[in-house]
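Secondary and tertiary structure notes
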Amino acid sequence: MTDSMESFFTRQAANDGVKMPLCLPDGTLSDHSITIRGIDSDHFKQAEMDVKRRSVDLYLIEDFKERAETIGNLELECLSSLVVAWTFDKECTKENIILFLKEAPQIADSVNEFAA
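Model, not experiment: these values are computed from the prediction.

1. Notes on the nonpolar core
- If you look at the biggest cluster of nonpolar residues, it comprises 22 residues, and the most contacted ones within it are Ile34, Ile36, Leu82, Leu101, Ile107 and Val111.
- Of all the secondary-structure elements, those providing two or more residues to this core are strand E1 (18–23), strand E2 (29–36), helix H2 (42–55), helix H3 (64–80), strand E3 (83–86), helix H4 (94–103) and helix H5 (105–115).
- Here Ile36 is in contact with Gly17, Val18, Met20, Leu82, Val83, Val84, Val111, Phe114 and Ala115, once residues within four sequence places are set aside.

2. Digging into the layout of surface pockets
- Taken as a whole, the largest pocket holds about 180 Å³ of empty space.
- Along its surface, the largest pocket is lined by Arg37, His43, Ala47, Asp50, Arg54, Glu77, Ser80, Ser81, Val83, Val84, Lys94 and Ile97.
- Contributing elements (two or more residues each) for the lining of the largest pocket: H2, H3, E3 and H4.
- With 4 residues, the top contributor of residues to the lining of the largest pocket is H2.
- Here the lining of the largest pocket is built from residues that sort into 4 nonpolar, 3 polar and 5 charged.

Reading guide: rules and limits
- Per chain, residue numbering runs from 1 following the sequence as it is written.
- Local features in a predicted model are, by the rule used here, given only for residues with pLDDT of at least 70; side-chain atom pairs are given and counted only at 80 or more, and totals for whole chains, interfaces and linings are based on all residues.
- Computation of side-chain values: all heavy atoms of the structure, hydrogens and water removed.
- Here, nonpolar core means buried Ala, Val, Leu, Ile, Met, Phe, Trp, Tyr and Cys residues that are tied together by side-chain atoms lying within 4.5 Å of each other.
- Think of it in three bands: residues with accessible area under 20% of the maximum for their type are buried, residues over 50% are exposed, and the middle band is partly exposed, with areas taken using a 1.4 Å probe on protein chains only.
- Helix and strand labels come from DSSP, where a helix needs a run of H or I of at least four residues and a strand needs a run of E of at least two; each type is numbered from the N terminus.
- Contact between two residues is taken to exist if any of their heavy atoms lie within 4.5 Å; hydrogens are not considered.
- Cavities and pockets are found on a 1 Å grid laid over the protein atoms alone: a cavity is a set of points where a 1.4 Å probe fits but cannot escape, a pocket is an open set with protein on both sides within 12 Å along at least five of seven lines, and a lining residue has an atom within 4 Å of such a point.
- Grid points are joined across faces, edges and corners, and a volume is the space filled by probe spheres set on the points.
- By the convention adopted, Pro, Cys, Tyr, Trp, Phe, Met, Ile, Leu, Val and Ala count as nonpolar, Lys, Arg, Asp and Glu as charged, and the other residues, Gly among them, as polar.

The quantities given are spatial measurements derived from coordinates; they are silent on function.
What follows is the structure, given as structure tokens:
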């Protein structure tokens, strides 16, 4: 066997992220891209833990619509932790990332698939 233990390591690559080109809703490739961390990244693991901890209280929300909205927001928050950078003019802040993923759900789906 010639493979070293290090050849199986994925954490650092997941932390660094990979550039993902963005397509417009009609499928046309745009000039923009976002850099996505992998699901093995430290940042995502921490966000996932935080969201899981906070989701324990979901059963306290009696209103179904409010509960569904809260679940959606928690999912977006977790997904947003995967985005490292982007080519847009707006600053790549957590709030801007969440807004972008909420308003462009096709991109949120792509981020989820790409990161995995």
